[in-house]
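# Examination of the molecular architecture
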Amino acid sequence: MMCRNLLFLLAMPAAAVPSFDIHLETAPELRWAEVTKYYMKDILAMGETFNRTLHSKFTVDSLKEWVDVLNSKVPQYFLDELRGMENIINSPLWTADHILLFNHLYELESPTMCSGLLAAQEDGTVIHGRNMDYSFLYKMPDGSTHDWPDVTYDVNFWREGKKIITMVGWPLLVGAHTAMRYDGWTFEQNTRTTNNHSLNLEAGKQGASPFSMNIRHLLQTIPDFTTALAKIASTNWMAPQYFIMAGAGKFEGAVLTIDRAPEHLATTPPIQRINASKGLWHVLQTNDDVNKLSLDPRRPLTEILLATKDQREVNENFVWDMIRAPTLFNPLTAFTWVATPATGYHETIVHSESPPQHLMLLEGPLTVQDSRKSIKMSDQWRQLFKRPLARYQMLQGTGA
């Protein structure tokens, strides 16, 4: 009876974000039709905020420079996908150029935070946890305010009848910031505080690449972690940032600290890796270089918490607990994602949702931990994030 109950709990569906399927055999102009139509009201409302913010920060001439550079640095089929969305939306708020710029919010220096955790089980299986800490507030026609959690979804990419990639998406964004190649590798991008849109543009003019569309292209074309890691590490990128990756092979996990091309700074941390022989079973990355003083309390507090843990505890349940711990989960967290490339496991939850329930294997008989509740942020923790939250809202033109 106990086993039957456990199996039943495993089969219980968790609250889920919307999910879509894209077949890569479909003409690029048609691939995003379902997603675009599903979020049409939000897309139009987002356009008002995006255009207002864009034109408050950039001149018309500088935006043309950006469009010219970006058009030359992404595969043609992405531009075809954007034109397909432009045709469906049919609004001056969202021309193909606007959508292209929106897809490169990071290179345009839109502020984010984020945290990523890689943790290896004793058998070498690496689990990847990720918080996307980012706010994009916009008014809906009914006067309500929406943000990224209102439009977060999962999308699966199929080729020749086989599901090859899962990706967390937002409307109009066709590149990858959070994704997994099934039986291959995961990818997460985090902000590095030296991001600067003027310097990024100059790097692009010298041949450096924006990340999101090019990473999705690599996910579609490179099936394994080792090859993907080497390719990403050797690419010249437009902006400084962090890339967090887990692989399907044993103890495959790495964090890359990316300099803006053509820089290769002596003070930049080397690739951090999970290393079984050295007893390094986890790697944590927030938004500062690990070889320098932390810029906020998330990394040091979480490292202290991890120091109290044992590798024998690691499973998806453990990673959910750690990535949603009060040391990392914060008022800016739009969604949390956990994925295991070795098994194909992945789940996405938005800020207001509780982590999914899983079986927990302990020494002795199987037990079920069924006590998760939504994390309520303490007043003290909210105070720590009051200043960055106000800054993000100010930069969006939404007020503090």
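An account of the accompanying structure is given in this report. (Residues numbered from 1 in each chain as written. Predicted model: local features only at pLDDT ≥ 70, side-chain atom pairs only at ≥ 80, totals over all residues. Heavy atoms only, no water.)

## What about the pairing of strand 3 (residues 126–133)?
- Within strand 3, eight of the eight residues are buried, which leaves the element mostly enclosed by the surrounding structure.
- Side chains of strand 3 alternate between two faces, with Val-126, His-128, Arg-130 and Met-132 and Ile-127, Gly-129, Asn-131 and Asp-133 buried alike.
- Alignment of strand 2 (residues 115–120) against strand 3, held across six bridges, turns out to be antiparallel. Its bridge partner being in strand 3, Ser-115 is matched across the sheet by Asn-131.
- In sequence, strand 2 turns back onto strand 3 through a hairpin of five residues, with Gly-124 there showing a positive phi of about 95°. (Buried < 20%, exposed > 50% of the residue type's maximum accessible area, 1.4 Å probe, protein only. Helix = DSSP H or I, 4+ residues; strand = E, 2+ residues; numbered from the N terminus. Pairing = 2+ DSSP bridges.)

## A few points about the pairing of strand 11 (residues 253–258)
- The buried fraction of strand 11 is high, at six of six residues.
- Between strand 10 (residues 241–246) and strand 11, which pair antiparallel and follow one another directly, the connecting turn spans six residues, one of which, Phe-251, has a positive phi of 55°.
- Bridge count for strand 11 against strand 12 (residues 272–273) is two bridges, and the pairing is antiparallel. When the bridges of strand 12 are listed, Ala-254 appears paired with Arg-273.

## Quick look at the pattern of salt bridges
- Following the criterion strictly, the structure yields 14 salt bridges and no others.
- With a closest N to O distance of 2.4 Å, Lys-205 and Glu-65 form a salt bridge. Note that Lys-205 is positioned in helix 7 (residues 197–205) and Glu-65 in helix 4 (residues 60–71), a separation of 140 residues in sequence.
- By relative accessible area, Lys-205 is classed as partly exposed at 42%.
- Judged by relative accessible area, which is 31%, Glu-65 ranks as partly exposed.
- The shortest N-O distance in the salt bridge between Arg-83 and Asp-80 comes to 2.4 Å. Of this pair, Arg-83 and Asp-80 both sit in helix 5 (residues 76–89), separated by three residues, roughly a single helical turn.
- Among the charged side chains, a network of salt bridges with common partners joins Arg-192, Asp-259, Asp-289 and Lys-292. (Salt bridge = Lys/Arg side-chain N within 4 Å of Asp/Glu carboxyl O.)

## Looking at the side chain of Asn-103
- Mapped onto the secondary structure, Asn-103 falls in the loop between helix 6 (96–102) and strand 2.
- A relative accessible area of 7% means that Asn-103 is categorised as buried.
- A distance of 2.8 Å separates a polar atom in the side chain of Asn-103 from the backbone oxygen of Ile-99.
- Looking at Asn-103, its side chain comes within polar contact range of the main-chain oxygen of Leu-172, at 2.8 Å. (Polar contact = N/O pair within 3.5 Å; in protein donor to acceptor, adjacent residues only side chain to side chain.)

## Overview of unusual backbone geometry
- Ala-261 connects to Pro-262 through a cis peptide bond whose omega is 5°.
- For Pro-262, the location among the structural elements is in the loop between strand 11 and strand 12.
- Of note in this structure, Asn-90 is not a glycine but carries a positive phi near 55°.
- Residue placement: Asn-90 occurs in the loop between helix 5 and helix 6.
- Despite not being glycine, Cys-114 has its phi angle at roughly 90°, a positive value.
- In this structure, Cys-114 sits in the loop between helix 6 and strand 2.
- The class for Cys-114 is buried, based on a relative accessible area of 1%.

## Some details on the environment of Asn-275
- Relative to the elements of secondary structure, Asn-275 occurs in the loop between strand 12 and strand 13 (282–285).
- We classify Asn-275 as partly exposed; its relative accessible area is 23%.
- Placed 22 residues apart in sequence, Asn-275 and Gly-253 show a C-alpha to C-alpha distance of 8.5 Å.
- A distance of 2.5 Å separates a polar atom in the side chain of Asn-275 from a polar atom in the side chain of Ser-277.

Note that all results are geometric; they support no functional claim without further evidence.
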